[in-house]
Structure formats: C-alpha cells, structure tokens
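Residue-level structure breakdown
Chain by chain, the residues:
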Amino acid sequence: MASLKDIARECRVSVATVSKALNGHSDISDEKKTLIRRKAEELGYHPNLFARMLKMKRSYNIGVLFVEEAHNGLTHDYFAAVLDSFKVTAEQREYDITFLNCNKTRKNRMSYLEHARYRGFDGIVIVCVDFMEPEVLELVHSDLPIVTIDYIFNDRMAVVSDNIQGMEDLLSYIYQKGHRKIAYIHGADSHVTRGRLSSFFRTAKRLGLEIPDEYIIESEYRHEKKAASATIKLLELEQPPTCILYPDDLSAFGGIQVIRERGLHIPEDISVAGYDGIRLSQHMFPALTTLKQDTLHVGRYAAEKLIELIENPRTAVREITHVKGVVYEGQTIKTL
C-alpha cells in the first residue's frame, strides 16, 4: 500500500505538503492539490483510519437507531429509501454507518447510549422508534450530536417530511376533482398520524367539507388486511364515500383488492388514494394516486445536517428542516 512518502517522492514535494493537500489546507494551491490527489489515486493510497481517528478525534462512524414497530425492518419502502439516501450521502463525506443493537432479548445488552459510546459514534440519526421510550430519551438528551427523522425534540436537529402540507395538497386535489364524500383510513397514533389527521380536518373545514365520524377509521400502517376490513365497513355504509384515503400505499393495495372482489371498478365506481409514493404504486394499473414523499432529500438533508453538527458543533444551527412531497396524480381518482 502506498504511503505519504511514496506520493511525496512521485510529486517531488515534502510529506507535509502531501498531507496538507489531501486534507484540503488553503495554503496549498488548487493545481498542486489536484496533482497530489491524482497521484494518490494512481498509487492506490488510502489513509490509515486509526491514525486519522487519533488526529481528528473522530471515528468517522455514524450510528443509526431504527426500530420499526411493525417489524418490517428495511423492507419498509419509505424508511429503506430514506436510509439509502442517508447512507449514500454519509459515504460521500467518508463516514460509515452502523446500526445500534436493538435486540432487547439479548443478555447483558447495552442501552442505546451505552452502545453508542462503546462504538465511539460521532453522531446518531434516529429514524423510527418509540420516541418516548426512556432509552431513546436518554440518548436524545445526551451530549452526542443527534438528528431525528419525522419527529421533533426541542433543541435538536430534525428533518421531517412535511405531512401537514402533504395531506392538505392531497385532499385539495381530490376536492378539485369534484369529490365531497371523502373517507380517511388513518394509521395508528403517532406524531406523523396526528399531523396528518389535523391537516385533514383543517383542510376539510377550509373547503367546507362535512366529514361524518364513520368516515374516519383507524387502522395500522402497511397492514393490508386491516385496511381491507376498514374498506368493507365504508362500502357497507348507507351513504358510502366516493373516495377513500389510505395511510400508505401498501394499505391502499389491501383496500383495492377488496373493492375489486366486490365487483367494483376503480375509479369508475369508487376512487382511492394512498400516501408515500412507493415505486410499486406507480407501476400498478391503474397507477395509484398518492402523495409522493421526497425520501431522497429527507435522507440527504439528515446526513448533511448531522455531519455539520459533528464537524462544526459551535456554528451548526439546531433547526427543523421540512421536506415537501408532491401529489402523484395517477389514475385512481375519478373526476365527478
């Protein structure tokens, strides 16, 4: 493996100049930096990670706390896409990511904070957990750099998908298509659910819509069978809705299946809309109308904000970053 001395000899400069060039010091010209970096790449130079850790007092490793309640893990389309974007951005900045141990059945397991300190993580991104769990609160209130996704703590950085605006945009679009009898099958109680529900009712009030109590049914996220059961209840009402909103696209698939089993056609007989904008929803027929969340930017911003907090703790602003989605019109909403 090539060393700094090898690069210095090839470029006919000092080892100190090579070190400065590779670390981006301003007292080395751009021309010389380019020459040295190109030569380092040609020689296959890789910095000694342990030496870098000692010098920079960082591990260049970011911890990921991800406990998906329905145990779908990384098969969860939304969070998998967010984490992929986070990983790509972190790696571009030369950081690795490691998942915190969340197996609570393991003997002598460490708490989240203990595990984070044991691994020497430079910072933590918290993606999907019970945010009120004592171990999570202990981690959040520690001195470690923390960024949360889709949940807001005071004085902590957060990147959130704009569920308030997203629901407003989706319901407004359905209203513009002429629908007035709109039902909402929402997910189980959570920060995200409360935001979407509030936005749904607020937007309905602004539009002058009356939403009967029986049009609002709680289900679970990504649960096709429960979404199907809720759909049956709505279809059997004396005054069934002309459009049903689902908590996510996968739940919408469950509703669509039971609608078709009853001999109804979408959108001719009833309209449906999902939420998330997973890839599969855009390739089904008819293509699902849904609110497509911007997972690329949610993940990217979370990585950028966390690394900024790690590398510049004194100047990094503890702010909330809202990422807007967009209505994917699809073909499952009929114009009335």
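Cut-offs and rules
Residues numbered from 1 in each chain as written. Predicted model: local features only at pLDDT ≥ 70, side-chain atom pairs only at ≥ 80, totals over all residues. Heavy atoms only, no water. Helix = DSSP H or I, 4+ residues; strand = E, 2+ residues; numbered from the N terminus. Buried < 20%, exposed > 50% of the residue type's maximum accessible area, 1.4 Å probe, protein only. Contact = heavy atoms within 4.5 Å. Expected span 1.5 Å × (residues − 1). Phe/Tyr/Trp six-rings, centres within 6.5 Å; stacked < 30°, edge-to-face > 60°. Lys NZ or Arg CZ within 6 Å of the ring centre and 35° of its normal. Pairing = 2+ DSSP bridges. Axes fitted to C-alpha atoms, helices over the stretch in contact; angles between N-to-C directions. Parallel < 35°, antiparallel > 145°, perpendicular 65-115°, else oblique. Nonpolar A, V, L, I, M, F, W, Y, C, P; charged D, E, K, R; others polar. Arc of directions from axis to C-beta. Left-handed = near helix turned anticlockwise from the far one by under 90°.

Attention shifts here to the overall build of the chain. Summing up its helical and strand segments, the chain has 12 helices and 12 strands in all. The C-alpha extent of the chain, read off along each of the three principal axes, is 85 × 45 × 35 Å. Counting over 336 residues, the chain shows a buried share of 48%. Put simply, of all contacts in the chain between residues at least 6 apart along the chain, 69% involve residues at least 24 apart.

Looking at the element boundaries, S85 is found in helix 5 (residues 77-92). Spatially, the C-alpha atoms of S85 and A302 are 9.2 Å apart, while their sequence positions differ by 217 residues.

Okay, helix 8 (residues 163-176) next. The end-to-end C-alpha distance of helix 8 is 20 Å, a good match for the 20 Å that 14 residues give at a rise of 1.5 Å each. All buried positions along helix 8 are accounted for by N163, G166, M167, L170, L171, S172, Y173 and I174. One or two positions beyond helix 8, positive phi appears at G178, with a value near 100°.

This part is about the packing of aromatic side chains. Under the defined criterion, the tally for this structure stands at eight aromatic pairs. Measuring from centroid to centroid gives 4.2 Å for F131 and Y151, while their planes differ by 10°, and the two rings are stacked. Pair noted here: F131 is in the loop between strand 3 (123-128) and helix 7 (134-140) and Y151 is in the loop between strand 4 (146-149) and strand 5 (157-161), with a separation of 20 residues, a long-range link. An identical accessibility class is assigned to F131 and Y151; each is buried. With a centroid separation of 5.6 Å and an interplanar angle of 80°, the aromatic rings of F200 and F201 are classed as edge-to-face. Through a chain of ring-to-ring contacts, the aromatic side chains of F66, Y78 and F79 assemble into a single cluster. In this arrangement the basic side chain of R180 is found over the ring face of Y175, its NZ or CZ atom lying 3.7 Å from the centre. Positioned above the aromatic ring of Y275 is the side chain of R196, whose terminal nitrogen or guanidinium carbon lies 3.7 Å from the ring centre.

Let us now look at the pairing of strand 5. Among the five residues of strand 5, five are classified as buried, and the element is accordingly described as predominantly covered. Residue alternation in strand 5 divides its side chains into two sets, M157, V159 and S161 and A158 and V160, and both sets are buried. As paired strands, strand 4 and strand 5 are joined by three bridges and run parallel to one another. Looking across to strand 5, one finds that V147 is bridged to M157. Pairing geometry for strand 5 and strand 11 (residues 320-323), over four bridges, is parallel. Bridge pairing in strand 11 links V159 to T321.

Another point: the packing of helix 2 (residues 15-22) against helix 3 (residues 30-42). For the pair helix 2 and helix 3, the least separation of the axes is 9 Å and the interaxial angle reads 95°. Our classification of the angle between helix 2 and helix 3 gives roughly perpendicular. Contact residues: helix 2 offers T17, V18, A21 and L22, while helix 3 offers K32, K33, I36, R37 and A40. The residue makeup of the contact of helix 2 with helix 3, split by class, is five nonpolar, one polar and three charged.

Take the sheet that holds strand 4 next. Taken in spatial order, the six strands line up as 2-1-3-4-5-11 in an open sheet, and their pairing is parallel. Because the sheet does not close on itself, it has two edges, and the strands there are strand 2 (96-99) and strand 11. Averaged over all adjacent pairs, the angle separating strand axes in this sheet is 20°, with direction ignored.

This paragraph deals with helix 10 (residues 224-235). The terminal C-alpha atoms of helix 10 lie 16 Å apart, and with 12 residues this matches the ideal 16 Å at 1.5 Å per residue to within 8%. Listed as buried for helix 10 are A227, A228, A230, T231, L234 and L235. Taken end-on, helix 10 shows its buried residues confined to a sector of 165°, consistent with a single buried face. Of the residues in helix 10, the exposed ones pointing more than 90 degrees away from the buried face are K225 and K233. In the core, the buried residues of helix 10 are packed alongside strand 6 (182-186), strand 7 (216-218), strand 8 (243-245) and helix 11 (249-261).

Right, let's get into the packing of helix 5 against helix 12 (residues 295-311). At a closest axis distance of 7 Å, the pairing of helix 5 and helix 12 adopts a crossing angle of 45°. Viewed along their axes, helix 5 and helix 12 adopt a mutual orientation that is oblique. Once helix 5 is placed against helix 12, the crossing between them reads as right-handed. Contact residues: helix 5 offers Y78, A81, V82, S85, F86, T89 and A90, while helix 12 offers T295, L296, V298, G299, R300, A302, A303, E304, L306 and I307.

Right, let's talk about the sheet that holds strand 9 (residues 271-273) for a bit. Sheet architecture is open: four strands sit in the order 7-6-8-9, paired in parallel fashion. Looking at the sheet topology across the chains shown, the edges are occupied by strand 7 and strand 9. Strand-to-strand twist in this sheet, taken as the mean axis angle between neighbours without regard to direction, amounts to 15°. Direction of pairing for strand 6 relative to strand 8: parallel, over a ladder of three bridges. Within the sheet, the bridge partner assigned to I182 lies in strand 8 and is C243. Set on the sheet, helix 9 (residues 191-207) makes contact with strand 6, strand 7 and strand 8; between it and strand 6 the angle comes to about 170°.

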